[in-house]
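An overview of the molecular structure
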Amino acid sequence: MKRIIIDPITRLEGHGKITIFLNEDGSVANTYLQIPELRGFEKFSEGRPAEDMPQITQRICGVCPEAHHMASTKALDDLFHVESTSTAKKLRELLYSSFYVTDHTTHFYILAAPDFVVGPDAPPAERNILGVIAKVGLELGGAVINTRKQNHWIIQTVGGRPIHPCFGLPGGVSKAINEEERAKIEEIAKSSVEFGKLSLKVFDDVVLKNKAYLDMVLSDTFTQKSYNMGLVDKDNKVNFYDGKVRVVGPDGKELCKYAPREYLEHIAERVEPWTYLKFPYLKKVGWKGFVDGKDSGVYRATPLSRLNAADGMATPQAQEAYDKMYSTLGGKPANFTLATHWARLIELLYAAERLLELSRDPEITSTDIRNIPTAKPDEGVGIVEAPRGTLTHHYITDEKGVIKKCNLIVGTTNNHAPLFMSIKKAAEDFIKPGVKITEGLLNRIEMAWRPYDPCMSCATHALPGQLPLEVTIYDAQGKELKKLSQGIS
Amino acid sequence: MKTLVLGLGNPILSDDGVGIRVAQEVGEKLKDPQITVAETSEAGLSLLDSIVGNDKVIIIDAIQTEKGQAGQIYRMGAEDFSLTKHLSSPHQINLATALELGKMLNLAMPQEITVFAVEAKDITNFSEKCTPEVEQVIPEVVKMVLKELNE
């Protein structure tokens, strides 16, 4: 049999691309960002029964299928004019909390930790999860794997299937849980809370106790004063599953708070000639270009934005961590992009605590799990917080519930403009006349990208099984000066 | 011997779903309780979660190479991924790193991992169908996987 060498194609759609053009003097003239996008989903969904959407939409993304399943199921509640039973809502939120524990765990240890634990200047060969475990110990590595595994068991048990849940129905869920399952979920929740606390301690030891890192987090290069978006409950506390979308300005003042049905009154999308990406912005503030500040409609929808947009966390230990973060960062809102990693860990602890609360809820094992819809379907909107940003599903159907129109704003899309701005600013600050362009320097530019964890065509899992990223720098004559590729052999 | 046949990819993204199509067809032809057939659209750590505890694993996935022809079939061992294993990734970890991590943490890793990959043409447009070039080689890949299972 032939032995082959993997040589992934470097197509435009195939990977994330940051391209930097320099002036004659070596300073940055222009920065461009390309993120691949999948095409034709809206058309693909037309003509299909709306009740299939929770199954279909979760295939859009290989990283957060649970988020699409949940936003879609909520859109169906709205579409069929039916409210879920109280137990069904709690089961959905329980599964969703477990999903958050797994997703935030993966992001922190795989993506964020290598830059800090192994170091931003370490060679790429060491700057990965293996390097992290080599430094912090096998025990923690085992805890990462175990936390994910146990919470995947919850997703499978509650959702009916691993990874791709099939339990969401208009008006409720398809399956109740029994006492034995509940007891096991409670045990897993307890150990997840411990794991959440442990992860915050790792952040404390590795990042906060290292002055150079803390200075980097607080530096102007990684600061961006944009609006913050996040779902909040009736007390304005962070909620991933339900509530209203609240937008708070860089000055900490609330701009608006909207229900899912009102999203089009608040969000518009900007199109630029140099990319097929769309840039959502706040309609009421308006598009003023790729600039931050109170007069620019650019907003962020990230873990840090969610904490900035809320008045606090609904669980005690996460609230404690929330207070500590803002007192360390000098108050609210915090506009430090790298603090997104910290916010993500606070959300991890919140998700685990919420999971524990729900597992102890007396209603959670009730069999009253569905209200059967009786009204004619017409239009529905569902919003949840996906780990990578506010996720909106909007369907319009005929009276038989067949999809006529479908519009989705996915988590990453919200962040296209701020992501671009963060990278541009880092590039301009790090690449200066006379400064040698090293791999560590380019990695620092990438560090402006990582907190957002953009979902580049993440439904695509063609080998080599990772999503490549490339940074290329051109001089004033258009000659390639330096290229840093990750995941491109 | 506990064996896992794992189809990787996205069943609604044209050729990206070829691995899942093959796994489904293989599943229909098998009755051995020692063999599990599964599918997933997740990569990296989730891949590790899926394969732990099996003795033998066969993975079927789509691939895009620089000079490949759509429909071309490759059979590889996990060692063929060593080229990329130490590169960090913007989103997840690749198969080789996941395997190394499993070993490092002393998890019950399979002794044997074989990967069948089919050269894809379209992995950016949503469709439940593969392109004709890929569609026509599915029976052959199914045959290869079944043969591998009998060895």
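Residues numbered from 1 in each chain as written. Chains lettered and ligands numbered in written order. Predicted model: local features only at pLDDT ≥ 70, side-chain atom pairs only at ≥ 80, totals over all residues. Heavy atoms only, no water.

Digging into unusual backbone geometry
Residues and elements named next belong to chain A. Cis geometry marks the peptide bond from Lys 332 to Pro 333; its omega dihedral reads -10°. Mapped onto the fold, Pro 333 is located in the loop between helix H11 (316-329) and helix H12 (340-359). Of note in the backbone geometry, Asn 236 takes a positive phi value of approximately 65° without being a glycine. Within the secondary structure, Asn 236 sits in the loop between strand E5 (227-232) and strand E6 (244-248). A residue is classified by how much of its surface remains accessible, and Asn 236, at 12% relative accessible area, is buried. (Helix = DSSP H or I, 4+ residues; strand = E, 2+ residues; numbered from the N terminus. Buried < 20%, exposed > 50% of the residue type's maximum accessible area, 1.4 Å probe, protein only.)

Focus: the pattern of salt bridges
Residue and element names in this part refer to chain A. If you walk through the whole model with that rule in mind, you get 40 salt bridges over all chains. Asp 77 is the partner of Arg 92 in a salt bridge, and the nearest nitrogen-oxygen pair spans 2.8 Å. Within this pair, whereas Arg 92 is found in helix H4 (residues 86-118), its partner Asp 77 is found in helix H3 (residues 65-79), the two being separated by 15 residues in sequence. Residues Arg 92 and Asp 77 agree in their burial class; the two are buried. Between Arg 182 and Glu 179 there is a salt bridge, and its shortest N-O distance comes to 2.9 Å. Of the two residues, Arg 182 and Glu 179 both sit in helix H7 (residues 179-208), three residues apart, roughly one turn of that helix. Taking the relative accessible area as the measure of exposure, Glu 179 reaches 47% and is therefore partly exposed. A cluster of three or more residues bridged by salt bridges with shared partners is formed by Lys 201, Asp 204, Asp 205, Lys 209 and Lys 324. (Salt bridge = Lys/Arg side-chain N within 4 Å of Asp/Glu carboxyl O.)

Remarks on the sheet that holds strand E7 (residues 254-258) of chain A
Backbone-to-backbone hydrogen bonds join strands into a sheet, with any given pair of strands oriented parallel or antiparallel. Residue and element names in this part refer to chain A. If you walk across this open sheet you meet the four strands as E7-E6-E5-E10, and the pairing is mixed. The open sheet has two edge strands, E7 and strand E10 (299-300), and neither has a second partner. As judged from the five bridges shared by E5 and E6, these two strands associate in the antiparallel manner. Along E6, the bridge assignment pairs Leu 231 with Val 245. (Pairing = 2+ DSSP bridges.)

Topic: the sheet that holds strand E13 (residues 403-409) of chain A
Residue and element names in this part refer to chain A. Across the sheet, three strands lie side by side as E11-E12-E13; this open sheet has antiparallel pairing. Looking along the sheet, the strands with just one partner apiece sit at the ends: strand E11 (379-386) and E13. Across the sheet, the axes of successive neighbouring strands diverge by a mean angle of 10°, strand direction being ignored. Pairing geometry for E11 and strand E12 (residues 389-397), over eight bridges, is antiparallel. Bridging from a neighbouring strand, Val 384 pairs with Leu 391 of E12. (Axes fitted to C-alpha atoms, helices over the stretch in contact; angles between N-to-C directions.)

Overview of helix H8 (residues 211-218) of chain A
All names here are of chain A. Every buried residue belonging to H8 is among Tyr 213, Leu 214, Met 216 and Val 217, and all of these are buried. All buried residues of H8 project into a common sector of 155° when viewed along the axis, lining one side. Among the exposed residues of H8, those pointing more than 90 degrees away from its buried face are Lys 211 and Ala 212. Buried residues along H8 sit in contact with H4, H7, H11 and helix H15 (439-447). Measuring from the backbone nitrogen of Ala 212 back to the side-chain oxygen at the start of H8 gives 3.1 Å, which picks out Asn 210 as the cap. (Arc of directions from axis to C-beta. Contact = heavy atoms within 4.5 Å. Polar contact = N/O pair within 3.5 Å; in protein donor to acceptor, adjacent residues only side chain to side chain.)

Here's the deal with the side chain of B:Asp122
Residue and element names in this part refer to chain B. With respect to the helices and strands, the residue Asp 122 is situated in the loop between strand E5 (112-119) and helix H4 (132-135). Reaching out from Asp 122, the side chain makes a polar contact with the side chain of Ser 14 at a distance of 3.5 Å. At a separation of 3.1 Å, a polar atom in the side chain of Asp 122 contacts the main-chain amide nitrogen of Asn 125. The contacts of Asp 122, once residues within four sequence positions are left out, are Leu 13, Ser 14, Asp 15, Asp 16 and Thr 131.

Structural notes on the domain arrangement of chain A
Many analyses report the size of an interface as the accessible area lost when the parts associate. All names here are of chain A. By the assigned domains, chain A splits into domain 1 (16-36 + 417-486), domain 2 (83-223 + 336-372) and domain 3 (224-335). Between domain 1 and domain 3, the contact holds 10 residues from the first and 14 residues from the second. Roughly 1000 Å² of surface becomes buried between domain 1 and domain 3 when both sides are summed, with 72% attributable to carbon and sulfur atoms. At the boundary of domain 1 with domain 3, the tally comes to zero salt bridges. Between domain 1 and domain 3 we count two residue pairs in polar contact (both at pLDDT 80 or more) in total. Put simply, the parts of the chain that give the side of domain 1 that touches domain 3 at least two residues each are strand E2 (28-34) and helix H14 (416-430). (Domains from an automatic or database assignment. Buried area = accessible area lost by both parts, 1.4 Å probe.)

Considerations on the pairing of E7(A)
Residue and element names in this part refer to chain A. Two strands pair when backbone bridges link them, and E6 and E7 are joined in this way by four bridges, in the antiparallel orientation. In the strand pairing of E7, Val 248 is matched with Glu 254. Where E6 folds back on E7, the antiparallel hairpin that results is connected by five residues, among which Gly 252 adopts a positive phi of roughly 90°.

A word on the nonpolar core
Membership of the largest hydrophobic core comes to 139 residues, with the highest contact counts inside it found for A:Ile20, A:Tyr96 and A:Ile346. For this core, the element with the most residues is H4(A), which contributes 16 residues. Of all hydrophobic cores here, the second largest spans 22 residues; its members include B:Val5, B:Phe116, B:Ile138 and B:Val142. (Core = buried A, V, L, I, M, F, W, Y, C linked by side-chain atoms within 4.5 Å.)

Topic: the packing of aromatic side chains
Within this structure, the stated rule accounts for 22 aromatic pairs over all chains. Aromatic side chains A:Phe44 and B:Phe126 sit 6.2 Å apart centroid to centroid with 45° between the ring planes, which places their arrangement in the tilted category. Of this pair, A:Phe44 sits in helix H1 (residues 41-45) while B:Phe126 sits in the loop between E5 and H4, on two different chains. The two residues A:Phe44 and B:Phe126 agree in class, both being buried. Of the aromatic side chains, those joined through ring pairs into one cluster are A:Tyr96, A:Phe99, A:Tyr100, A:Phe240 and A:Tyr350. Lying over the aromatic face of A:Trp153, A:Lys184 brings its terminal NZ or CZ to 4.0 Å of the ring centre. The side chain of A:Lys332 reaches across the aromatic face of A:Tyr326, ending 5.8 Å from its centre. (Phe/Tyr/Trp six-rings, centres within 6.5 Å; stacked < 30°, edge-to-face > 60°. Lys NZ or Arg CZ within 6 Å of the ring centre and 35° of its normal.)

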